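So the chains spell out like this:
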Amino acid sequence: MTTGYTDGRRARGQQRYQLVLDAALDLVSRDGLPALTTRALAAAAGVSLASITYHFPTRADLVYSTCAEAVRRDIASTRAILDELRRDFDLRTASPAELADRWLQVSTAPDRGMMSVFSLWLEVVRQPDLAPLVVQWNNDTRDLVAAALAEAGAAQPISAAKVLCAALDGLRLPLVAFPDATPTRADRDELALLFSWALGRS
């Protein structure tokens, strides 16, 4: 039987764990994944080193958990973007240009998880046990986009989703290196062409 005291300790522990993950994502976004050490994170989160090592006994544990949280947030962000498109448009009749415009508006704003997600690709070379996170990120994102494309009438939603996701990642990469960069008219036109190809309509 749990007590209010036990429940309170568990809640505080979860809050501290989330605080640390938030700080880890901010640290990676600012300084890159190599900067993510237990000491740097303790300083960034304003907690003791013991608090960090309690939740993450090794740096590998810390990197894995941080990357997993970045993947979870990025997938949730993609789901939210697609839900917003569904609210704003009838996907069956929206023009490729309308979809491209709206997608760029809501999907390319810089966020603290972007650097973490892209850093994950590089870290897999040194830490192969992160590979399942990359697979999860790719598959879950592809499946979300494919479901929306199927609703919109795409003849081959899975294949189209793979191409579209790759293109969208390419649009987001400059925002990692140049946070003040914004998508150009050419980006919008090229994305509209991709939507037109995927949906078979102009």
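Along each chain, residues carry numbers from 1 onward, in the same order as the chain's sequence is written. Whole-chain, interface and lining totals are the exception, using all residues; otherwise, since this is a predicted model, local features are given only for residues with pLDDT of at least 70 and side-chain atom pairs are given and counted only at 80 or more. Hydrogens and water molecules were not included; the side-chain quantities draw on all heavy atoms of the structure.

The next point concerns the pattern of salt bridges. Within this document, salt bridges are pairs made up of a side-chain nitrogen of Lys or Arg and a carboxyl oxygen of Asp or Glu, the two lying within 4 Å of each other. In this structure the tally under the stated criterion is 14 salt bridges. Residues Arg72 and Glu69 are paired through a salt bridge, measuring 2.8 Å at the closest nitrogen-oxygen approach. Of the two residues, Arg72 and Glu69 both sit in helix α4 (residues 59-88), three residues apart, roughly one turn of that helix. The rule is simple: take the accessible area with a 1.4 Å probe, protein chains only, and divide by the maximum for that residue type; under 20% is buried, over 50% is exposed, in between is partly exposed. Classification of Glu69 by relative accessible area gives buried; the value is 8%. Taking the shortest distance from any N to any O, the salt bridge between Arg86 and Asp83 comes out at 3.2 Å. Here Arg86 pairs with Asp83, and both are found in helix α4, just three residues apart, close to one helical turn. What makes Arg86 partly exposed here is its relative accessible area of 29%. Within this structure, Asp22, Glu69, Arg72 and Arg73 form a network of salt bridges that share partners. Strands are runs of DSSP state E lasting at least two residues, helices are runs of H or I lasting at least four, and both sets are numbered from the N terminus onward.

What follows covers helix α7 (residues 131-151). Given a rise of 1.5 Å per residue, 21 residues ought to cover 30 Å, and the 30 Å separating the end C-alpha atoms of α7 matches this to within 8%. Inspection of α7 places Leu133, Val134, Trp137, Thr141, Leu144, Val145, Ala146, Ala148 and Leu149 among the buried residues, and these make up the whole buried set. Following α7 by one or two positions, Gly153 adopts a phi angle in the positive range, close to 100°. Here, expected helix span is obtained from the residue count minus one, scaled by 1.5 Å.

Positionally, Asp74 belongs in helix α4. Beyond its immediate chain neighbours, meaning those up to four positions away, Asp74 contacts Val117, Trp137 and Arg172. Whether two residues are in contact is decided by their heavy atoms, any of which lying within 4.5 Å being enough.

This part is about the side chain of Thr141. Considering the arrangement of structural elements, one finds Thr141 in helix α7. A polar contact is formed between the side chain of Thr141 and the backbone oxygen of Trp137, at a distance of 2.8 Å. The residues touching Thr141, leaving out its near neighbours within four places in the chain, are Ile75, Thr78, Gln136 and Cys165. A 3.5 Å cut-off defines polar contacts: any pair of N or O atoms within that distance qualifies, except that in protein one atom must be a possible hydrogen donor and the other a possible acceptor, and neighbouring residues in sequence count only when both atoms are side-chain atoms.

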